[in-house]
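One-letter residues, chain by chain:
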Amino acid sequence: MVSVEITPYLDINLDSEMWVCSSCNGDLIDCNSNYKTGCTIAERDPSEIHHSEIDTEYKFSPDPKWCKIIEFYCPHCGIMIENEYLPLGHPITHDIDIDIDQLRTKISEGSIHLRTKP
Ligand SMILES: [Zn+2]
């Protein structure tokens with residue numbers, strides 16, 4: 001399998017043109033789709049993550065009435081692939097859109113790092 005590292009936990013498999021988890025090589029979704037929709041998604045209250053370091057009612061946490069934390073996990077091995085802070089009601093962002101033909105061109109020019117996995 002020849003894959004291209006896109007983020008530390010996210011690759012594109014050039015053979016199948018699928019987003020894959022770089023930890024377990026599990027397929028997430030077609031690389032023309034938003035990779036986040038191929039993940040297991042968890043919605044977290046920011047106060048669960050940002051704990052107060054001192055004994056007070058105040059926290060350095062976004063207000064859960066205004067913000068949510070969305071976590072994206074590999075459905076095969078459970079590693080966290082990405083997370084994002086969003087206002088309530090905001091759809092999941094589409095932050096990476098790869099032109100696969102341009103990617104193959106850059107690979108043929110030798111300007112892209114490839115991972116080769118068994
Ligand atoms: Zn995985």
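Residues numbered from 1 in each chain as written. Predicted model: local features only at pLDDT ≥ 70, side-chain atom pairs only at ≥ 80, totals over all residues. Heavy atoms only, no water.

Asks: For this particular structure, what's the right way to read the overall build of the protein?
Replies: Summing up its helical and strand segments, the protein has two helices and eight strands in all. Written out in order from the N terminus, the α and β elements of the protein read β-β-β-β-β-α-β-β-α-β. Relative to the 2.2 N^0.38 estimate, which gives 13 Å for 118 residues, the radius of gyration of the protein is 17 Å and therefore markedly larger than a compact globule would have. Overall size of the protein, expressed as C-alpha extent along the three principal axes, is 55 × 25 × 25 Å. When burial is assessed residue by residue, the protein has 32% of its 118 residues classed as buried. (Helix = DSSP H or I, 4+ residues; strand = E, 2+ residues; numbered from the N terminus. Rg over C-alpha atoms; globule rule 2.2 N^0.38 Å. Buried < 20%, exposed > 50% of the residue type's maximum accessible area, 1.4 Å probe, protein only.)

Asks: Is there a simple way to explain the coordination of the zinc ion in this structure?
Replies: Reference values for angles at a metal are 109.5 degrees in the four-donor tetrahedral case and 90 or 180 degrees in the six-donor octahedral case. The coordination sphere of the zinc ion, as far as protein atoms go, consists of Cys21 (SG), Cys24 (SG), Cys74 (SG) and Cys77 (SG), spread over 2.3 to 2.4 Å. Between the four donor atoms coordinating the zinc ion, the angles at the centre fall across 105 to 113°, so the site counts as tetrahedral. Read from N- to C-terminus, the donor residues coordinating the zinc ion fall into the pattern C-x2-C-x49-C-x2-C. Residue Cys24 is found in the loop between β3 (18-21) and β4 (27-30), and its partner Cys74 is found in the loop between β6 (67-73) and β7 (80-87); the two are separated by 50 residues along the sequence. Judged by its relative accessible area of 3%, Cys74 falls in the buried class. (Donors = N, O, S within 2.8 Å, 3.2 Å for Na, K, Ca; no water. Tetrahedral: all angles 85-135°; square planar, octahedral: opposite > 155°, others 65-115°.)

Asks: Sorry, what's going on with the nonpolar core here?
Replies: The nonpolar side chains of soluble globular proteins are, as a tendency, buried together. Counting 19 residues, the largest nonpolar core has Leu10, Leu14, Trp19, Tyr35 and Ile81 as the members making the most contacts within it. For this core, the elements supplying multiple residues, two or more each, are β2 (10-13), β3, β6, β7 and α2 (100-109). The element that contributes the greatest number of residues to this core is α2, accounting for three residues. Contact partners of Leu10, with chain neighbours within four places excluded, come to Val4, Glu5, Trp19, Val20, Ser22, Leu28, Tyr35, Ile81 and Ile96. (Core = buried A, V, L, I, M, F, W, Y, C linked by side-chain atoms within 4.5 Å. Contact = heavy atoms within 4.5 Å.)

Asks: Looking at this model, I keep getting lost on the pattern of salt bridges. Mind explaining?
Replies: When their charged atoms lie close together, side chains carrying opposite charge are able to pair. Under the definition given, this model contains five salt bridges. For Glu84, the salt bridge identified is with Lys36, shortest N-O distance 2.7 Å. In this pair, Glu84 is assigned in strand β7 and Lys36 in the loop between β4 and β5 (40-44), connecting sequence segments 48 residues apart. Across this residue pair, the class does not change: Glu84 and Lys36 are buried. Notably, a salt bridge pairs Glu48 with Arg44, separated by 2.9 Å at the nearest N-O pair. We classify Glu48 as partly exposed; its relative accessible area is 42%. According to the relative accessible area criterion, Arg44 is partly exposed, its value standing at 26%. One connected set of salt bridges, linked through shared partners, spans Lys36, Glu84 and Asp95. (Salt bridge = Lys/Arg side-chain N within 4 Å of Asp/Glu carboxyl O.)

Asks: In this structure, what is going on with the sheet that holds β6? I would like to understand it.
Replies: Backbone hydrogen bonds are what pair the strands of a sheet, in a parallel or an antiparallel way. Overall, antiparallel pairing links the three strands, which are arranged β5-β6-β7 in an open sheet. Each of the sheet's edge strands pairs with one partner strand only, and the pair in question is β5 and β7. Averaged over all neighbouring strand pairs, the angle between strand axes comes to 20°, with direction disregarded. (Pairing = 2+ DSSP bridges. Axes fitted to C-alpha atoms, helices over the stretch in contact; angles between N-to-C directions.)

Fair warning: the whole summary comes from geometry, so function is off the table for now.
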